[in-house]
Amino acid sequence: LTELIPTLLKELGATAHPDGALMRFDQFLARLPAGVQLFSLFYSNPGLLRLVATIMGSAPRIAEHLAQKPSLLDAVLDPGFLETLPSLDELRADAEAHLARAIDYQDVLDFDRRWTADRRFQIGVQLLTARIDAERAGQAFADVAQSVLSALCPRVEAEFARQHGGFGGTRLAVVAMGKLGSREMTVTSDLDLMFVYDLPPETEDSDGEKPLPPALYYSRLSQRIINAITTLTNEGQLYEVDMRLRPSGNAGPLACSVQAFESYQHETAWTWEHMALVRARVILGPKPLCDRLDAAIK
């Protein structure tokens with residue numbers, strides 16, 4: 001530490017907010033089980049010390065996550081960490097593999113938050129170090145959100161079906177609106193979502209132990225998905241969710257049938273609601289329903 005002090009003070013002093021950087025670095029050290037390994041790491045990797053100082057002085061959210069999970073410094077040393085960002089398909093596969101290790105539903109909620117935070121950390125560091133620009137970061141943040149929803153929603157639906165059954169396979173689609181829909185997210189963006197289901201009009205109750213009619217079933221399932229995203233666990237919150245862009249806004253049901261969606265957009269929707277559809281993108285659901293929704297939106 002004595003040998004590092006001059007370099008440490010120089011790097012912290014060169015940040016946007018030196019005093020804040022020093023305080024955050026102190027908090028970071030206080031949460032470590034031991035500091036010797038970290039100082040050895042800094043001693044042999046001066047560039048890593050410079051990066052950590054930059055994070056502490058310029059990016060409080062990234063600094064907070066690093067303080068909670070110092071092991072991320074090992075990932076930063078991987079040559080690929082600062083060079084490339086994974087594609088959407090790679091992110092989906094990684095999120096699925098991560099959540100597949102969950103033993104129970106609580107694990108699912110914790111694991112998806114850890115995975116998302118780690119991925120957002122990588123994007124934030126690449127943005128901070130100018131490896132990517134704001135446009136590419138926006139796309140990457142959106143891909144992370146879409147990937148974790150792709151892994152989370154089927155598990156929420158399976159948990160819900162244990163009590164209420166289902167209607168013979170997945171019949172719910174998730175439509176991304178706002179910044180998620182246009183892939184322009186920031187680290188603080190919430191998720192603007194719409195839930196749409198597809199069932200024949202004459203469909204009766206679900207086939208579970210506690211059956212529900214379709215409209216009530218999918219409204220409650222949608223609420224369960226929202227809760228899974230927004231609930232605070234030991235790992236924090238995944239995202240905030242905004243449902244105000246759904247048909248009829250806050251006055252409408254959380255989920256609507258595809259027939260009701262099409263009818264609303266053609267007959268009832270306001271001009272600003274059609275404007276909002278410019279950013280709409282179907283991100284999850286059975287292919288026939290996704291294709292129908294894409295056509296309706298276009």
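Preceding this section is the structure that the text describes.
Residues numbered from 1 in each chain as written. Predicted model: local features only at pLDDT ≥ 70, side-chain atom pairs only at ≥ 80, totals over all residues. Heavy atoms only, no water.

A short note on the side chain of Arg 246
In step 1: Secondary-structure assignment places Arg 246 in the loop between β3 (241–242) and β4 (255–257).
In step 2: Nearest to the buried, unbridged Arg 246 among oppositely charged side chains is Asp 242, at 6.8 Å.
In step 3: Within the structure, the side chain of Arg 246 is placed 3.2 Å from the backbone oxygen of Asn 250, a separation counted as a polar contact.
In step 4: Not counting chain neighbours up to four residues away, the residues in contact with Arg 246 comprise Met 194, Ala 251, Gly 252, Pro 253, Leu 254 and Glu 273. (Helix = DSSP H or I, 4+ residues; strand = E, 2+ residues; numbered from the N terminus. Buried < 20%, exposed > 50% of the residue type's maximum accessible area, 1.4 Å probe, protein only. Lys, Arg positive; Asp, Glu negative; His and termini not counted. Salt bridge = Lys/Arg side-chain N within 4 Å of Asp/Glu carboxyl O. Polar contact = N/O pair within 3.5 Å; in protein donor to acceptor, adjacent residues only side chain to side chain. Contact = heavy atoms within 4.5 Å.)

Points about the packing of aromatic side chains
In step 1: Summed over all chains, the structure comprises 8 aromatic pairs.
In step 2: Judged by centre distance (6.2 Å) and plane angle (50 degrees), the rings of Phe 25 and Phe 28 are tilted. One end of the pair is Phe 25 and the other is Phe 28, both in helix α2 (residues 18–30) and 3 residues apart, which spans about a single turn. Note on accessibility: Phe 25 and Phe 28 belong to one class, buried.
In step 3: Between Phe 81 and Phe 121, the aromatic rings sit 6.0 Å apart at their centres with planes inclined by 50 degrees, giving tilted as the arrangement. Taken together, the residues span a long stretch of sequence, with Phe 81 in the loop between α6 (72–76) and α7 (88–100) and Phe 121 in helix α8 (residues 105–128) at a distance of 40 residues.
In step 4: Look at Phe 121 and you get buried, because its relative accessible area is 2%.
In step 5: Three or more aromatic residues joined by ring pairs form one cluster here, namely Phe 160, Phe 167, Tyr 197, Tyr 217 and Tyr 218. (Phe/Tyr/Trp six-rings, centres within 6.5 Å; stacked < 30°, edge-to-face > 60°.)

Thoughts on helix α4 (residues 46–58)
Residue pairs three or four apart in sequence face the same way in an α-helix, which turns once every 3.6 residues.
In step 1: With 13 residues, α4 should cover 18 Å at 1.5 Å per step; its first-to-last C-alpha distance of 18 Å lies within 8% of that length.
In step 2: Looking only at α4, the buried set comprises Leu 48, Leu 49, Leu 51, Val 52, Ala 53, Ile 55, Met 56 and Gly 57. (Expected span 1.5 Å × (residues − 1).)

Here we look at α7
In step 1: The end-to-end C-alpha distance of α7 is 18 Å, a good match for the 18 Å that 13 residues give at a rise of 1.5 Å each.
In step 2: Tucked inside the fold, the buried residues of α7 contact α8 and α9 (134–164).

Examining the pattern of salt bridges
In step 1: Scanning the entire structure with this criterion turns up 14 salt bridges.
In step 2: With a closest N to O distance of 2.7 Å, Glu 96 and Arg 155 form a salt bridge. Here Arg 155 lies in helix α9 and Glu 96 lies in helix α7, a separation of 59 residues in the sequence.
In step 3: In this structure, the salt-bridge partner of Arg 113 is Asp 112, at a minimum N-O distance of 3.0 Å. As far as the burial class goes, Arg 113 and Asp 112 line up, both buried.

A word on the pairing of strand β2 (residues 191–197)
In step 1: Across the 7 residues that make up β2, a large majority, 7, are buried.
In step 2: One ladder, built from 6 bridges, connects strand β1 (residues 172–177) with β2; its direction is antiparallel. The partner of Ala 173 across the bridge, within β2, is Val 196.
In step 3: Examined bridge by bridge, β2 and β3 share 2 bridges and lie parallel to one another. (Pairing = 2+ DSSP bridges.)

Section: the packing of α7 against α8
In step 1: Interaxial distance between α7 and α8 falls to 9 Å at its minimum, and their mutual angle equals 145 degrees. Where α7 crosses over α8, the handedness of that crossing is right-handed. Across from Leu 91, Asp 94, Ala 95, His 98 and Leu 99 in α7, the residues of α8 making contact are Val 108, Phe 111, Asp 112, Trp 115 and Arg 119.
In step 2: Across the contact of α7 with α8, the residue classes break down as 6 nonpolar, 1 polar and 3 charged. (Axes fitted to C-alpha atoms, helices over the stretch in contact; angles between N-to-C directions. Left-handed = near helix turned anticlockwise from the far one by under 90°. Nonpolar A, V, L, I, M, F, W, Y, C, P; charged D, E, K, R; others polar.)

Looking at the pairing of β1
In step 1: Counting buried residues in β1 gives 6 out of 6 residues, a clear majority hidden from the surface.
In step 2: Burial along β1 is two-sided: the face carrying Leu 172, Val 174 and Ala 176 and the face carrying Ala 173, Val 175 and Met 177 are both buried.
In step 3: Alignment of β1 against strand β5 (residues 281–284), held across 3 bridges, turns out to be antiparallel. Within the sheet, the bridge partner assigned to Val 175 lies in β5 and is Val 282.

Observations concerning the layout of surface pockets
Any empty space left between atoms is shown by rolling a water-sized probe over those atoms.
In step 1: Counted as a void, the largest pocket has a volume near 790 Å³.
In step 2: Around the largest pocket, the lining comprises 28 residues; the ones closest to its centre are Arg 61, His 65, Ala 117, Arg 120 and Val 187.
In step 3: Broken down by secondary-structure element, the contributors of at least two residues to the lining of the largest pocket are α5 (60–68) and α8.
In step 4: In the lining of the largest pocket, the residues fall into 9 nonpolar, 9 polar and 10 charged. (1 Å grid on protein atoms, 1.4 Å probe; cavity = no way out; pocket = protein on both sides within 12 Å on 5 of 7 lines; lining within 4 Å. Points joined across faces, edges and corners; volume = space filled by probe spheres on them.)

A few points about the nonpolar core
Side chains that are nonpolar tend, in soluble globular proteins, to be buried together.
In step 1: Membership of the largest hydrophobic core comes to 50 residues, with the highest contact counts inside it found for Leu 180, Leu 191, Leu 193, Phe 195, Tyr 218, Ile 229 and Tyr 239.
In step 2: Taken together, the elements giving at least two residues each to this core come down to α7, α8, α9, β1, β2, α11 (214–230) and β5.
In step 3: Ranked by residues supplied to this core, first place goes to α9 with 13 residues.
In step 4: If sequence neighbours within four positions are ignored, Leu 193 has contacts with Leu 149, Val 174, Val 175, Ala 176, Leu 180, Ile 229, Val 241, Asp 242 and Met 243.
In step 5: Formed by 30 residues, the second largest nonpolar core is a distinct cluster that contains Ala 53, Leu 66, Ala 67 and Val 76. (Core = buried A, V, L, I, M, F, W, Y, C linked by side-chain atoms within 4.5 Å.)

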